[in-house]
Amino acid sequence: MRPNGKRAFSGWRRARIVEYALVLAFVVLVDILHWTFFSNMFPLDIDEAGYSLFALVESSSLRYQGIGSWLHTIGAFSQNAPLVPAVNSLLIYVLGYQSLDFELTNCAFDLMLAVAVVSITGRVLGNTSFFARLTVVILSVTAGALPLFLQSRIFALPATALATVAIALAIGESADAKWYRRYAPELIFALAIGSRSMVIGFLPGFLLLRAVLKASGELKCKAFLRASRVAVLQMFRSGLVVLTVSVGLYIGALQNVTKYLIGYGYGQ
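Predicted model only: the values in this text are computed from it and were never measured. Position numbers for residues start from 1 in each chain and track the written sequence from start to end. Given that the model is predicted, a residue must reach a pLDDT of at least 70 before its local features are reported, and side-chain atom pairs must reach 80 or more before they are shown or counted; all residues, however, enter totals for whole chains, interfaces and linings. For the side-chain quantities, the full set of heavy atoms in the structure was used; hydrogens and water were omitted.

Student: Got a minute to help me understand helix 6 (residues 104-125) in this structure?
Tutor: Side chains three or four residues apart in an α-helix point the same way, a direct result of the helix having 3.6 residues per turn. The helix count covers DSSP runs of H or I at least four residues long, the strand count covers runs of E at least two residues long, and both are numbered beginning at the N terminus. In this scheme, a helix's expected span is set at 1.5 Å multiplied by one less than its residue total. Taking 1.5 Å per residue, 22 residues should reach 32 Å; helix 6 reaches 32 Å between its end C-alpha atoms and fits that length. Of the residues making up helix 6, those classed as buried are Thr105, Asn106, Phe109, Asp110, Leu113, Ala114, Ala116, Val117, Val118, Ile120, Thr121 and Gly122. Following helix 6 by one or two positions, Gly126 adopts a phi angle in the positive range, close to 65°. We call a residue buried when its accessible area falls under 20% of the maximum for its residue type, exposed when it is over 50%, and partly exposed in between, using a 1.4 Å probe and counting protein chains only.

This is how it looks when you write it as structure tokens:
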């Protein structure tokens, strides 16, 4: 039985490696096609141009005035979602201004989205056939690549990728996970909010997912009422972590962000 088990595990691992390799090749192809036939044909929209400008200013602050000035500049622009300009500013600092031309940040988030989709698909479909899983993965990654071809993709793709990673981490969490692993989904989801403030509208669904997963694990060994209390406590803890980190990201312009969400983002 032991050799058979080893062979089964080895076959499963090879299948997963092939899945990831095919998805990686597909993502690279989509990014190349996007950069070749789309990015060079259409001008930046106002949000993309603005985010690129913020990244240039933040990179200059880091290069000429140090980390303190860089952090202050990020806070000054935080009303417009701080995550992507900050990441781009680091790329500009390390690689130069040409990193914006190749949209390396979008490529990285696109790959992150693909890996998260593969992880979720593998856990949901389980031990179904390799071709069935691969078909679902390709379809899912194709749908996930759509934000690349949207205007304002400079925050649409990072928000999609980070939210999907948060869901993948929540689904894959084990009962004996260490504390930093237990709160990783919340931290990643808070970063998704940091890439686009309106992502906070998906927070109730994320908290419900966390509660359901927690309750389903507790029901295996505890009564329904006990599992319900644990689920409610999980929702409260998750919401507290996400909101605390999100407020920290937007602390420099919290009043303006709140006004935007109420008066424009969700108010109209």
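Student: For this particular structure, what's the right way to read helix 10 (residues 184-195)?
Tutor: Between the first and last C-alpha of helix 10 there are 17 Å, a value that for 12 residues agrees with the 16 Å anticipated at 1.5 Å per step. Of the positions making up helix 10, those classed as buried are Ala184, Pro185, Glu186, Ile188, Phe189, Ala190, Ala192, Ile193, Gly194 and Ser195.

Student: What is the right way to read the packing of aromatic side chains from this model?
Tutor: Remark: the centre distance and the inter-plane angle together describe each pair of aromatic rings, the angle taken between the planes. By convention, a stacked pair of Phe, Tyr or Trp rings (six-membered ring in the case of Trp) has centres within 6.5 Å and planes under 30 degrees apart, an edge-to-face pair has planes over 60 apart, and any other such pair is tilted. One pass over the structure, following the stated rule, counts 2 aromatic pairs. Seen in terms of ring centroids, Tyr51 and Phe54 are 6.3 Å apart; in terms of plane orientation they differ by 40°. Their pairing is tilted. Of this pair, Tyr51 and Phe54 both sit in helix 2 (residues 46-65), 3 residues apart, which is roughly one turn of that helix. Like Phe54, Tyr51 is buried.

Student: How should I be thinking about the packing of helix 2 against helix 4 (residues 83-95) in this particular structure?
Tutor: Describing two packed helices takes the angle between their axes plus the distance from one axis to the other. Packing of helix 2 against helix 4 leaves a shortest axis separation of 8 Å and a crossing angle of 55°. Here helix 4 runs oblique to helix 2, going by the angle between their axes. When you trace helix 2 past helix 4, the crossing you get is right-handed. On helix 4, the residues touching Tyr51, Phe54, Ala55, Leu56, Glu58, Ser59, Leu62 and Arg63 of helix 2 are Val84, Pro85, Ala86, Asn88, Ser89, Leu90, Ile92 and Tyr93. Of the residues assigned to the contact of helix 2 with helix 4, the class counts are 11 nonpolar, 3 polar and 2 charged. For helices, the fitted axis covers only the stretch in contact; all axes are lines through C-alpha atoms, and the angles between them, taken along N-to-C directions, range from 0 to 180 degrees. To sort the angles, those under 35 degrees are grouped as roughly parallel, those over 145 as roughly antiparallel, those from 65 to 115 as roughly perpendicular, and the leftovers as oblique. When the near helix sits turned anticlockwise from the far one by under a right angle, the crossing is termed left-handed; a clockwise turn instead gives a right-handed crossing. Contacts between residues were defined by any pair of non-hydrogen atoms, one from each residue, lying within 4.5 Å. Three classes are used: nonpolar for Ala, Val, Leu, Ile, Met, Phe, Trp, Tyr, Cys and Pro, charged for Asp, Glu, Lys and Arg, and polar for all others, with Gly counted as polar.

Student: Please clarify how the pattern of salt bridges should be interpreted in this entry.
Tutor: In a structure, side chains of opposite charge can pair up when their charged atoms sit close to one another. Whenever Lys or Arg places a side-chain nitrogen within 4 Å of a carboxyl oxygen from Asp or Glu, that contact is recorded as a salt bridge. The full count for this structure, using the stated rule, is 1 salt bridge. In this structure, the salt-bridge partner of Arg210 is Glu186, at a minimum N-O distance of 2.8 Å. One end of the pair, Arg210, is in helix 11 (residues 203-218); the other, Glu186, is in helix 10, with 24 residues separating them in the sequence. Residues Arg210 and Glu186 agree in their burial class; the two are buried.

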